[in-house]
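A closer look at the structure
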Number of protein chains: 2
Amino acid sequence: MNADLATVAAADGTIVGIADIEAAAVRLAGIARRTPLLSSEALDAAVGGRLLIKPEPLQRTGSFKFRGAYNTIAQLPPGPVVAYSSGNHAQGVALAARLLGRRATIVMPADAPSIKKSNTERLGARLVLYDRNRDDREAIGREIAERDGAHLVKPYDDPRIMAGQGTVGLEMALDVRTLGIVPDAAIVCCGGGGLIAGTATALSHHFPEIAVWSAEPAGFDDTARSLRSGQREGNIPGATSICDALLAPMPGELTFAVNRPLLAGGLAVDDQAVLLAMREAFLELKVVVEPGGAIALAAALSGAFDCREKTVLVVLSGGNVDPARFIEALDSGR
Amino acid sequence: MNADLATVAAADGTIVGIADIEAAAVRLAGIARRTPLLSSEALDAAVGGRLLIKPEPLQRTGSFKFRGAYNTIAQLPPGPVVAYSSGNHAQGVALAARLLGRRATIVMPADAPSIKKSNTERLGARLVLYDRNRDDREAIGREIAERDGAHLVKPYDDPRIMAGQGTVGLEMALDVRTLGIVPDAAIVCCGGGGLIAGTATALSHHFPEIAVWSAEPAGFDDTARSLRSGQREGNIPGATSICDALLAPMPGELTFAVNRPLLAGGLAVDDQAVLLAMREAFLELKVVVEPGGAIALAAALSGAFDCREKTVLVVLSGGNVDPARFIEALDSGR
């Protein structure tokens, strides 16, 4: 599929549309947690606008990834599953597979936070570790899929994954409608782009004028640069970030086809702003957020996105963070 | 009112009844946050039962106290308000007063966590500090009430406060009913006893067989001892605890009259178990919990309450904790 065809397909709703997200919401009802919408007068005062915050650390397995994993595996033919993941997709696939009675093998980077590795094993999945700088995780995943007859559950570049993650946006849309609010903008973290693709689809359906912005780590702003150039750009090798969940090498083919026409643009945020946002989420929201999960809030609080006089939806995507990293964040404000 | 009369009154619903709590829920609709019910497969496995957890750190001002404060102040004649509080009631009163257009003065111990003092001031209240070991906070509160013509908003010993806090129990009851679950027990923290009085009233209405247990810090188990003796017992002076929210000197007159016939008994938990529970809430629930807010979970995880084969409701009551104390909790599991 080339980019132009994909764009047309997305505009027609053939990659992922609101009906797919609504169908995912039905599949997830009573299974995924319907997370609330939080706000803080202190954070609103700090940005000069109104933030409505979706805390997916409270989701089962501690991140939104469970939504897409369950929505996908529930639609697969019988048999085991395999996934490659930096950690949150791993846990989502592991729990979804267990709930659906399937064996799961997860290919994870050896340097993933230990909380993510141990949680994945605890959920009953078999773990295969790889070297982030040397090995090709997609190749390892495909190899296991062929050898074991397992279905590969991709982390983002699959319409069923996007539809499942899109229930985050659907829930936000319904909640703000209930409040009688029309949001001006949304900020959503972006690794491979599955969460923001589904979320932007749902939000744009309910609020056609909304501006949806991606938030990425500085040095890993492939989506921001791809949106500017109009084609998929890879990250420049050699950068590092504490946002372990957001280090995908380039936008997905399908996710970018969805995101290109829907997103307003991309924001990049450095690690120090991420640590400060984690600290503010601790102080003002009482939610534990991991680095990658805090980057959209960091974009708002750091001024990378100007929230003044605006109502802005902010997704906190996950909370699987080792205590040592969290302590670093708590110490960051001093 | 003597204890026997009060007990009769409570059984008749004249101190606080389900109708008062339902009326409070109507007053709080769209104003207090309807917090979700969380669970964790890891915590369930640890206790050998099923825990359904109500995370009030996600409530406005970071604790359940906002509920009772708003429910009370909304029913007062016009004029300013004054309250004495170890910190969470202070913030609840400060925000409720501001939302209802009233001036608020808060009498707080000088050694309260700085996060609670600064948050209270930030909400627009005037702060008066006192010495926890030397001054009589109730006397200071009464003095300000008389001098300023302010209404005293008591922290617990008021039927309107109990009814407001009881919406915690009402929401839990409605949520578990929706899930088709009949809980065996509930564990609720207990300082002066307002939260557990309202919560036990609501839960016992919906589930007459439920066993509601208080959780208190070791050395401050006045409610546990009072339930055993059948009359209000004070704490033995000289004890210390990190649970700053739960250091009331003895059960309230009205709260004990409600609690005496409703509660199954009282549990006492030491500080080390509290720190470990805060760490588990961080790891498994992604919720920031303060020491006093974690004591009910600590009672479950430490085995002070035997959860095996039971479905147990657990209230996390607040999350206003200074970073240094939270870091101590994160380090406690090593």
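Parameters at a glance
Residues numbered from 1 in each chain as written. Chains lettered and ligands numbered in written order. Predicted model: local features only at pLDDT ≥ 70, side-chain atom pairs only at ≥ 80, totals over all residues. Heavy atoms only, no water. Contact = heavy atoms within 4.5 Å. Buried area = accessible area lost by both parts, 1.4 Å probe. Salt bridge = Lys/Arg side-chain N within 4 Å of Asp/Glu carboxyl O. Polar contact = N/O pair within 3.5 Å; in protein donor to acceptor, adjacent residues only side chain to side chain. Helix = DSSP H or I, 4+ residues; strand = E, 2+ residues; numbered from the N terminus. Nonpolar A, V, L, I, M, F, W, Y, C, P; charged D, E, K, R; others polar. Pairing = 2+ DSSP bridges. Axes fitted to C-alpha atoms, helices over the stretch in contact; angles between N-to-C directions. Buried < 20%, exposed > 50% of the residue type's maximum accessible area, 1.4 Å probe, protein only. Phe/Tyr/Trp six-rings, centres within 6.5 Å; stacked < 30°, edge-to-face > 60°. Lys NZ or Arg CZ within 6 Å of the ring centre and 35° of its normal.

A few words now on the interface of chain A and chain B. Contact with chain A, which involves 34 residues of that partner, is made by 34 residues of chain B. Counting each side, the surface lost to burial between chain A and chain B is near 2600 Å², with a carbon and sulfur contribution of 60%. Summed over the shared surface of chain A and chain B, the result is six salt bridges. Between Arg60(B) and Glu41(A) there is a salt bridge, with its nearest N and O atoms 2.8 Å apart. Counting the contacts that link chain A with chain B gives 14 residue pairs in polar contact (both at pLDDT 80 or more). Mapped by element, the contributors of at least two residues to the side of chain A that touches chain B are α3 (41–47), α5 (88–99), α6 (114–122), α12 (271–285) and α14 (323–331) of chain A. Each residue belonging to the side of chain A that touches chain B can be placed in one class, and the counts come to 19 nonpolar, four polar and 11 charged.

Okay, the sheet that holds strand β8 (residues 263–269) of chain B next. Residue and element names in this part refer to chain B. Spatially, β1-β9-β6-β7-β8 is the arrangement adopted by the five strands of the open sheet, whose pairing is parallel. Each edge of the open sheet carries a strand with a single partner, namely β1 (50–55) and β8. The mean angle between the axes of side-by-side strands here comes to 25°, regardless of whether they run parallel or antiparallel. Taken together, the six bridges between β1 and strand β9 (residues 311–316) define a ladder with parallel strand orientation. Opposite Leu52, over in β9, you have Leu313 as the bridge partner.

Here the focus is helix α10 (residues 222–229) of chain B. All names here are of chain B. With six of eight residues buried, α10 lies mostly within the body of the structure. At its buried positions, α10 is contacted by β7 (211–217), α11 (253–262) and β8. Gly230 occupies a position one or two residues after α10 and carries a positive phi of about 85°.

On inspection of all chains with the given rule, the structure shows nine aromatic pairs over all chains. Judged by centre distance (5.7 Å) and plane angle (55°), the ring pair of Trp213(A) and Phe305(A) falls under tilted. Taken together, the positions of Trp213(A) in strand β7 (residues 211–217) and Phe305(A) in the loop between α13 (295–301) and β9 (311–316) put the pair 92 residues apart, joining distant regions of the chain. Classification of Trp213(A) as partly exposed rests on a relative accessible area of 22%. Members of the aromatic cluster, each reached through a chain of ring pairs, are Phe282(A), Phe326(A), Phe282(B) and Phe326(B). Positioned above the aromatic ring of Phe207(A) is the side chain of Arg177(A), whose terminal nitrogen or guanidinium carbon lies 5.5 Å from the ring centre.

Worth remembering: the numbers are spatial, not functional.
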